[in-house]
Amino acid sequence: MTDDDDFLTDAFRRQLGGLVTPEAIRAIERGSDATELWRSLDESGFADAMLPESAGGAGLGLAQAFPLILAAGEYCVPAPFAETMVARAMLGEQGVAPPSGAAILLAPASAVLPGAGLASHALVDRDGVPTLVAIQVSGDDLFRLRCATAIEQGEVLGLLAPDADRLMLSAAAVTSALMAGAMGRVLEMSLRHAGERQQFGRSLGKFQAIQQQLAVLAEQVLSAQVAARNAFVGTTFELARVAAAKCRANEAASHVCNIAHAIHGAIGATEEFDLQLYTRRLKLCQLAFGSESYWGARLGHARIASGLDLTSDFLRLRLGAEMN
Amino acid sequence: MPLTLENFPPAVMPPHAEALRAEVKAFIREKLAGVPTHIRARTWAGFDADFSKAMAARGWIGVTIPRDYGGAGLDAFARFVLVEELLAAGAPVAAHWIGDRQSAPLLLHYGTEEQRRSILPRICNGELFFCIGMSEPNSGSDLASVRTRADRAPGGGWTLKGQKIWTTYAHKSHYMIALVRTSGTSEDRQNGLSQFLIDLSLPGVTVRPIMIGTGDTDFNDVFFEDVHLSEDALVGIEGNGWKQVNAELAFERSGPERIYSSLVLLDLWARLLGDATDAESAARLGRIVARLAPLREMSVAMTALLAKGGSPITEAALFKDMGTEVEQQIPAEIADAVAARPDLAADPELLRTLAYLMQLNHVFSLRGGTREILRGMIARGLGLR
């Protein structure tokens, strides 16, 4: 990361801080019109950040885009912002121009599609061809988060080069980074609550049992964040990196949600508390774009197929912070 | 936030360190040819003085020690590459392990010029092996409660009395660096502790191996009965022992040895699974690999921080707690996978390796600080205590 990248991320965070308040998130969850929020986000230009400068973007590579997606996760953005940023880059790279202002979902086969109810378009898989279509939701909003179990595909607006896996890898990578950001915020909220809440005459955070739980929470968050960051190395999303990231994000999310809610007590699950905004999203994301078993199996097969004698070589060559 | 992704900045292994890798791999291939996996599984608990001497002949003990003191004058990244390859292959590094990882850097940093001149070259050439005297009977995880004392001797120097326990390979080591009390009492906790360089051949030193349930005798009791230490046995500053020990622990907890202890088992199992493996076994393998991947990155990141003179104490605690967890999970997962098919004959070497690690993996979390202590340190890093 250079200073310029930090500057960009800081600017994005400031923008999110103003736009994506917990009240705004709740209103949209309850079904309010999200057009205004999306327009503001889109006009800020961040969703074009991965397009080349010649196309009005900032030419961000994966590693530079990662902090923006992490921030979107931290702020619980109720819009397919990160998905659109990545989709626009995929489309732009192949000369396909999406409709102006389109909020684009990455929609490979998945039990559930987060944010489907907030998207106008989607990249879907049609026999191995990522295809840009207009969409309408048709399935259930299982989590009351404007997600959907199915979408109705409308007009075809563009085709990408055939690639049976790219859409799935992109969706899982983006989701891992969003989850990593959300989990970071959950840790922050849990630490704050443990510092404020008094029980038996002292703050929760003074109890050794709670300290040990918070230590495990921090471990899980950091591990998931490092794994997600490593999915954003190089020029394209690669199987091993993405598999490790989504596998880790899904595993970590279970620990993180359980511990955070244990520390918050029942109040953490109430509508008025922000914690549930994050943990319900994490659960939704666990169900989307492949579970830990799905990605674990793909990573395990990749480990064996690598033909490498040593797992340490596999970690270094296929999963490290640098490209080999 | 006190602990974020910024605590583990992405670190790239510099080319000079990577350049070492092929040579190390070739050395290991030659030296470990024919060594079965269940022997390799001992890794940094495997003691082989000849192997250590061969390493020294290559200049691979004390690689981070300056050339003036007999080292290779390389940096922490070079040591990372070297150690990563040795551990991944299950090389028997125990003889020189402590001297290389802890004692030599400690003496370089805190030792007198005389100590450096007399000791460091002999660590680097594989002549002297070291052990660490920290734990004591009844002290357990409460290291600051140590009671072994060094008092000023009337004619100069020190008189050492007390006992250390769980001292790995003390019976095969030449020197111990011990944390002992030089003033006050146990009530004074971290104050009044000092580190000493103890020649284990001195009169009054008795080393008695402790046999554990597996029949292994890596650990020892070490007794000190009025051992006379010369003036220059003190390492660093009198009373500064606690601080010196903690600086050492960041090195002790941040290395790849905290994630690779069960790796030869994992690799043998992966090889036996082969291309036609079922989704369930592949998922088991993949989930372990996914947990290891960010840990290796953290270890590289901490190497970079240590190389810059940082002391990532909280980070190392977090890494080690998670690392030993995976090291413990690997034998457990493979045991489950193997015994899920009682109808199939398991590979005998896989079973031997598995049995060795299954009998020890539950104690992997104790060495170098227990999970509970580490989690307490993380909590401190999070601002909770």
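### Let's talk about the pairing of strand S4 (residues 175-181) of chain B
Each regular strand carries side chains that alternate between the two faces of the sheet.
Residue and element names in this part refer to chain B.
Part 1 of the argument: Taken across its seven residues, S4 has seven buried, putting it largely inside the fold.
Part 2 of the argument: Burial of the side chains of S4 extends over both faces: Tyr175, Ile177, Leu179 and Arg181 are buried on one face and Met176, Ala178 and Val180 on the other.
Part 3 of the argument: Bridge count between strand S1 (residues 130-133) and S4: four bridges; the pairing is parallel. By the bridge assignment for S4, Gly133 is matched with Ala178.
Part 4 of the argument: Bridging between S4 and strand S5 (residues 193-199) involves seven bridges; their strand directions are antiparallel. Each bridged residue has a counterpart across the sheet, and for Met176 the counterpart in S5 is Ile198.

### Overview of the domain arrangement of chain B
Interfaces are frequently sized by the accessible area removed from exposure as the parts join.
Residues and elements named next belong to chain B.
Part 1 of the argument: Each assigned domain of chain B is listed here: domain 1 (5-129), domain 2 (132-240) and domain 3 (243-381).
Part 2 of the argument: Of note, the centres of domain 2 and domain 3, computed from C-alpha atoms alone, are 30 Å apart.
Part 3 of the argument: The interface is formed by six residues belonging to domain 2 together with seven residues belonging to domain 3.
Part 4 of the argument: Residue composition of the side of domain 2 that touches domain 3, by class: one nonpolar, five polar and no charged.

### A short note on the sheet that holds strand S4 (residues 151-159) of chain A
Residue and element names in this part refer to chain A.
Part 1 of the argument: One open sheet accounts for four strands, arranged S1-S2-S3-S4; its pairing is mixed. In this open sheet, the two edge strands, each paired with only one partner strand, are strand S1 (104-107) and S4. The mean angle between the axes of side-by-side strands here comes to 40°, regardless of whether they run parallel or antiparallel.
Part 2 of the argument: Across six bridges, the pairing between strand S2 (residues 121-126) and strand S3 (residues 129-137) is antiparallel. When the bridges of S3 are listed, Asp125 appears paired with Pro130.
Part 3 of the argument: In the packing of helix H5 (residues 81-93) onto the sheet, contacts are made with S1, S2, S3 and S4, and the angle to S1 comes to roughly 85°.
Part 4 of the argument: Relative to the sheet, helix H6 (residues 166-196) contacts S1, S2 and S3, its axis offset from that of S1 by approximately 110°.

Reading the values: the criteria
- Residues numbered from 1 in each chain as written.
- Chains lettered and ligands numbered in written order.
- Predicted model: local features only at pLDDT ≥ 70, side-chain atom pairs only at ≥ 80, totals over all residues.
- Buried ≥ 20, exposed ≤ 12 C-beta atoms within 10 Å, placed from the backbone.
- Helix = DSSP H or I, 4+ residues; strand = E, 2+ residues; numbered from the N terminus.
- Pairing = 2+ DSSP bridges.
- Domains from an automatic or database assignment.
- Contact = placed C-beta atoms within 7 Å.
- Nonpolar A, V, L, I, M, F, W, Y, C, P; charged D, E, K, R; others polar.
- Axes fitted to C-alpha atoms, helices over the stretch in contact; angles between N-to-C directions.

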